[in-house]
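Now for the letters of each chain:
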Amino acid sequence: MNRRRFFSLNMEAAAGFLGNLLTYELDLERDFFRPPGTLDELEFITACSRCGDCKESCPEGIISLFSISYGAKLVNTPFIDPNKSPCTLCNRCVDICPTGALNEEAPKKIGYAAIQKHICLAYKDVMCDYCVYACKTEGAIQLKNGKPVINEDVCNGCGQCVAHCISEHKGVQILPLSSYNQSLR
């Protein structure tokens, strides 16, 4: 192995290590929601051309773009808030993305639902199952003893359960994936 090849391999290894470290840290600090099919955060922000095509293609109108006030790293990148408007996972944003930042092979998990037991009507012994029947993902929310229970491994965080919750202050909430990843530590 010559010197040039040796340094080339070492630089690739160092860049890969730093990239993995940065991606892990960026994913942990992310407290917002990306559209479905998003790559890891570092891959996403480097691949996203900030064209806004995903926002324009969304039939639900739930995709917004970050303004400059959120910093140069995020400016004009897409985000959604499934706690305000649910995502139907139609994949139009994925289909239109010219750079592959939103990708068919990437997980469609946006976040995960969490029951707010102090607010949820079922946990106050009121017969309510609106979130269970609103959920289109089989096995994501089930009733156990008359109370909704979330299967976090199945839930994709689309927000349908939040939109259909009849409690005044919403007894279910979608949390960012960073919260889920930190709970696994």
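The rules behind these values
Once a new chain begins, its residue numbering starts again from 1 and follows that chain's sequence as written. Only residues with pLDDT of at least 70 are given local features in this predicted model, and only at 80 or more are side-chain atom pairs given and counted; all residues enter the totals for whole chains, interfaces and linings. The side-chain quantities take in all heavy atoms of the structure and omit both hydrogens and water. Secondary structure elements follow DSSP: runs of H or I of four or more residues count as helices, runs of E of two or more count as strands, with numbering from the N terminus. A 1.4 Å probe rolled over the protein chains alone gives each residue an accessible area, and that area as a share of the maximum for its type sets the label: buried under 20%, exposed over 50%, partly exposed in between. Any two residues whose heavy atoms approach within 4.5 Å at even a single point are treated as in contact. In this description, a nonpolar core means a group of buried Ala, Val, Leu, Ile, Met, Phe, Trp, Tyr and Cys residues linked to one another through side-chain atoms lying within 4.5 Å. Salt-bridge detection follows one rule: a side-chain nitrogen of Lys or Arg within 4 Å of a carboxyl oxygen of Asp or Glu. Stacked, edge-to-face and tilted labels apply to pairs of Phe, Tyr and Trp rings (six-membered ring for Trp) whose centres lie within 6.5 Å, assigned for plane angles under 30 degrees, over 60, and everything in between, in that order.

K.L.:
When you look at the environment of Cys87 in this model, what are you seeing that I'm missing?
P.N.:
Position of Cys87 relative to the elements: it lies in the loop between β2 (78–79) and α4 (92–96). Residue Cys87 is classed as buried on the basis of its relative accessible area, which comes to 9%. Put simply, Cys87 and Gly61 are 26 residues apart on the chain and 9.4 Å apart in space, counted from C-alpha to C-alpha. Beyond its immediate sequence surroundings of up to four residues, Cys87 is in contact with Pro36, Ile62, Ile80, Ile110, Cys158 and Gln160.

K.L.:
Looking at this structure, I do not really get the nonpolar core. What am I missing?
P.N.:
As a rule of thumb, nonpolar side chains are buried together in soluble globular proteins. Counting 32 residues, the largest nonpolar core has Ile63, Ile80, Leu102, Ala113, Cys161 and Val172 as its most contacted members. Listed by contribution, the elements that provide at least two residues to this core are α2 (41–47), α4, β3 (111–115), α5 (130–134), α6 (160–164) and β6 (172–176). Looking at this core element by element, the count peaks at three residues for β3. In this structure Cys161 touches Ala113, Cys131, Ile141, Val172 and Ile174, once residues within four positions along its chain are discounted.

K.L.:
I would appreciate a short explanation of the pattern of salt bridges in the present structure.
P.N.:
Side chains carrying opposite charge are able to pair once their charged atoms draw close together. The final tally for this structure, using the stated rule, is two salt bridges. With its nearest N and O atoms 2.7 Å apart, the salt bridge here joins Glu41 to Arg34. Exposure remark for Arg34: the relative accessible area of 2% places this residue in the buried category. In this structure, Lys147 and Asp125 form a salt bridge, with 3.2 Å as the shortest nitrogen-oxygen distance. One end of the pair, Lys147, is in strand β5 (residues 147–150); the other, Asp125, is in the loop between β3 and α5, and 22 residues separate them in sequence.

K.L.:
Quick question: what am I supposed to make of the packing of aromatic side chains here?
P.N.:
Geometrically, a pair of aromatic rings is defined through the distance of the ring centres and the angle of the planes. Applying the stated criterion across every chain, the model contains three aromatic pairs. Ring geometry for Phe32 and Phe66: centres 4.9 Å apart, planes at 75 degrees, overall edge-to-face. With Phe32 in the loop between α1 (3–29) and α2 and Phe66 in the loop between β1 (64–65) and β2, the pair connects residues that are 34 residues apart, well separated along the chain. This pair shows no difference in class: Phe32 is buried, exactly as Phe66 is. With 4.3 Å between their ring centres and 25 degrees between their planes, Phe66 and Phe79 make a pair best called stacked. Note that Phe66 is positioned in the loop between β1 and β2 and Phe79 in strand β2, a separation of 13 residues in sequence. Exposure remark for Phe66: the relative accessible area of 5% places this residue in the buried category.

What is shown is where atoms sit, not what they do.
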